[in-house]
Each structure stands twice: as structure tokens, then as C-alpha cells.
Amino acid sequence: MTANWQPTASIETLRERARLIAGVRAFFAERGVLEVETPVLGQGGSTDVHLVSLSSLARTDKGQRRLWLQTSPEFHMKRLLAAGSGPIFQLAKSFRDGEIGSRHNIEFTMLEWYRPGFALSQLIDETTTLVANVLPSFAGPVVHYRYRELFHTYLAVDPFTTSIDTLRALATERGQMQAHALAEEGRDTCLDLLMSMVIEPTLGQNELSVVVDYPASQAALARRHQDADGEWVASRFELYLSGIELANGYDELIDAEEQRLRFSEDNAERRRLGLPEVDCDEQLLAALHHGMPESAGVALGMDRLIQLALGKARLEDVLTFSTPNC
């Protein structure tokens, strides 16, 4: 059997991809944002229970140790911010195990940038401006939604107060899952399933949809604040177009002790679910102890944005070599 050695994307598509990426670099150059390049391997990985990090045992001058392939360049970039880099961006190779499909690839390109001194609203404006620059033919409005509002509208439940039993039953019904598969799952897993299966496909239809005020338990590496209803929520946003999540932005957490606690809580949840623990990034925690400036940061799926810009059906259509063909 002859091996399939051909690139996944056509050469013409790769030329268009290069043109779009050049435009992104020009966008940040005009705004005085420094392009950086950081390692894809780190001493800690993402503890997020919804992500599967890849790791490798490596021989170093200190003996054999486990190194983690980044799920995003966030940890290294925050160390640069703590060192005084000022505003920075990166087009970084990132890795998430098991993610292959029309919108996913195990290895992908993440566009990530950080703006010291920016409020989250300023970062939302800059993110939507960038997307509009990459998609010049798109003229739809930018519409903001609260997470709670979306669940009321599409599922007639309150994501903050509805019982876990009700959410599991709803996720089983609307998420087309077997009841036993969700029997041990917590609130956030059920909410994520309902969000992805029911709500996300409705977002970004002839508009850029910005979703804010996620539950505080979904803050990840973002700060938390009280919303207009007095509920503690995550200081983050997600951006959608054509039912596809394009970007995830944070008012960044800069408290080292709070960050350590969240890493610990994530690993405790991993143990409960029977998932492998992930090493915490001690160098990131040390950088936060040193002092990172108040910043807003966002990660944007560059391959997805190019896929939308070029009207391709599958992510692999804009990749030089998709994971199955690499």
C-alpha cells in the first residue's frame, strides 16, 4: 500500500493561508505589539479537566523528567509579561490529545496575545476588529450575550441554580448521551455539553457573538467578579462565528496563591474522575509571585479563522498536513 504523502491543503490554499497570517502580523505591528516565540515544551501542563495534555519523558542534565506539550502558549507568555515584555503576541503550535474532526486537530496553530493595562471590554473590541480584518467580506454586527441569558432562552433553565439532577437529565436528552455516562459528572460537564450541543450552533449566525459572565467555576486562569445579579462569574469571554468558537479571552488571574489553589482543585477533580494528574507549572507560579502586570489576554484558533475566511468545510483543508497524514 502506497503511503499518502501529499499535503492535506492545496498549494493555492497554503498561499492564501500565508497571506492571511501576514495580515495578522501587520495588524499587531501597527499597534506596537511584540511578536514572541516560546518553547512548546514546559515543566507543567494544563490541569483543566476538559483538556488532555500530551507529555514525554526527556533526558536532561538533571536526569529524566516529564515535559508537557503546551495546550496553548499561555504559561510561557505570562512569564514574559512578568519579566516586563509589554504587549506581546504569538502564533504558536499547540497540542490537545484526541481532538480530531472537522474543527479539531491534535496539533494546531493558536494565535494568543496579551495586553497589559487593557480592560476586558478593550480586548473584546480588539479581537472583533482583528476578526473583521481577516474576514473583510463579513459585515455583521457584534452582539453580546450573557451565559445565563442563553440558557434561559434555549433551555429554559438557570445554569447557576438548576439542580444537578435536572441538568444531567437535560444533558442526556438534548446532548444525546446515555444516562449512565453522565451519572458521575458534575455541573460544569453538563453545562459544557448543553452549551456545545444546543446553544453554540445558534451563535454567530450573520453576526459575531460575544458570550460573557460564565460561571465562576469555569474561570480557569481568569479572574472572577460579581455580575449584575450578584452572582460570582468568570471575567472572560468567548467569541463565536457560524456556530464555531473562535476565541477565549480572560481578565488574567495574577494572584499566585489563587492560581496554585486552582491547579490543586483541578488535579483533585482529575483524581475523582480517574484522570491522570498533570504537573503544575512551578515556573509560572514563581513568575506570578514576582509580579505580573494586570492584563487581558486572548487565545484564538487561527486554523479555524482561516477555515472560515476561505470557506473550507474541514479544518484539515487549511493545514499543510493534518494529524492522520503527518
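Further up the page is the structure itself.
Residues numbered from 1 in each chain as written. Predicted model: local features only at pLDDT ≥ 70, side-chain atom pairs only at ≥ 80, totals over all residues. Heavy atoms only, no water.

1. Quick word on the overall build of the protein chain
When helices and strands are counted, the protein chain shows nine helices and 13 strands. Taken over the C-alpha trace, the protein chain has a radius of gyration of 20 Å; the compact-globule value for 326 residues is 20 Å, and the two agree within 12%. If you line up the protein chain on its principal axes, its C-alpha atoms span 50 × 50 × 50 Å. Evaluated residue by residue, the protein chain yields a buried proportion of 46% over its 326 residues. (Helix = DSSP H or I, 4+ residues; strand = E, 2+ residues; numbered from the N terminus. Rg over C-alpha atoms; globule rule 2.2 N^0.38 Å. Buried < 20%, exposed > 50% of the residue type's maximum accessible area, 1.4 Å probe, protein only.)

2. As for the pairing of strand β4 (residues 63-69)
The side chains of a regular strand alternate, first on one face of the sheet and then on the other. The pairing of strand β2 (residues 41-42) with β4 spans two bridges and is classified as antiparallel. Each residue of the ladder has a partner; that of Leu41, found in β4, is Leu69. Sheet topology places strand β3 (residues 55-60) next to β4; six bridges connect them, and they run antiparallel. Bridge pairing links Thr60 to Gly63 in β4. Counted along the chain from β3 to the antiparallel partner β4, the turn is two residues long. (Pairing = 2+ DSSP bridges.)

3. Quick word on the packing of helix α4 (residues 147-155) against helix α6 (residues 187-199)
Contact pair α4 / α6: the axes reach a minimum separation of 11 Å and the direction vectors enclose 60°. For α4 against α6, the interelement crossing comes out left-handed. Contact residues: Tyr147, Leu150, Phe151, Tyr154 and Leu155 in α4; Leu191, Leu194, Met195, Val198 and Ile199 in α6. Among the residues making up the contact of α4 with α6, the classes are represented as ten nonpolar, no polar and no charged. (Axes fitted to C-alpha atoms, helices over the stretch in contact; angles between N-to-C directions. Left-handed = near helix turned anticlockwise from the far one by under 90°. Contact = heavy atoms within 4.5 Å. Nonpolar A, V, L, I, M, F, W, Y, C, P; charged D, E, K, R; others polar.)

4. A closer look at the pattern of salt bridges
According to the stated counting rule, one finds 24 salt bridges in the structure shown. We note a salt bridge from Glu252 to Lys78, for which the minimum N-O separation is 2.7 Å. Here Glu252 is found in the loop between β12 (244-251) and α7 (256-273), whereas its partner Lys78 is found in helix α2 (residues 74-82), with 174 residues between them in sequence. Both residues of the pair, Glu252 and Lys78, belong to the buried class. The partner of Glu269 in a salt bridge is Arg272, with the nearest N and O atoms 2.8 Å apart. With Glu269 and Arg272 both in helix α7 and three residues apart, the pair spans about one turn of that helix. Judged by relative accessible area, Glu269 falls into the partly exposed class, the value being 27%. Taken together, the shared-partner salt bridges in this structure form one network comprising Arg146, Arg148, Asp158, Asp213, Asp227, Asp229 and Glu231. (Salt bridge = Lys/Arg side-chain N within 4 Å of Asp/Glu carboxyl O.)

5. Looking at the packing of aromatic side chains
Following the criterion strictly, the structure yields six aromatic pairs and no others. Ring geometry for Tyr147 and Phe151: centres 4.8 Å apart, planes at 40°, overall tilted. Taken together, the positions of Tyr147 and Phe151, both in helix α4 and four residues apart, correspond to about one turn of that helix. The interplanar angle of 45° and the centroid separation of 4.9 Å between the aromatic rings of Tyr147 and Tyr214 together place this pair among those described as tilted. Highlighted residues: Tyr147 in helix α4 and Tyr214 in the loop between β8 (208-212) and β9 (224-226), separated in sequence by 67 residues. Overall, the relative accessible area of 0% leaves Tyr147 in the buried class. By the ring-pair criterion, three or more aromatic residues cluster together here, those being Phe27, Phe28, Phe89 and Trp113. Between the NZ or CZ atom of Arg31 and the centre of the ring of Phe27, over which it lies, the distance is 3.6 Å. (Phe/Tyr/Trp six-rings, centres within 6.5 Å; stacked < 30°, edge-to-face > 60°. Lys NZ or Arg CZ within 6 Å of the ring centre and 35° of its normal.)

6. Section: the pairing of β8
Burial analysis of β8 places five of its five residues in the buried class, the great majority of the element. Side chains of β8 alternate between two faces, with Leu208, Val210 and Val212 and Ser209 and Val211 buried alike. Two strands pair when backbone bridges link them, and strand β7 (residues 142-146) and β8 are joined in this way by five bridges, in the parallel orientation. Bridging from a neighbouring strand, Val142 pairs with Leu208 of β8.

7. So, the sheet that holds β3
To summarise the sheet geometry, strands pair through backbone hydrogen bonds and adopt either a parallel or an antiparallel arrangement. With antiparallel pairing, the three strands of this open sheet are ordered in space as β2-β4-β3. Each having just a single partner strand, β2 and β3 make up the two edges of the open sheet.

8. What to know about the sheet that holds β7
Strand order in the open sheet made by the eight strands is β1-β5-β6-β13-β12-β11-β8-β7, with mixed pairing throughout. With one partner strand each, in any of the chains shown, β1 (34-35) and β7 form the two edges of the open sheet. Both strand β11 (residues 236-241) and β12 contribute to a ladder of six bridges, which runs antiparallel. Across the sheet, the residue bridging to Leu241 is Ile244, located in β12. Relative to strand β6 (residues 107-116), α2 is tilted by about 25°, and along the sheet it contacts β5 (88-95), β6, β12 and β13 (295-301). Across the sheet, α4 is in contact with β7 and β8; its angle to β7 comes to roughly 85°.

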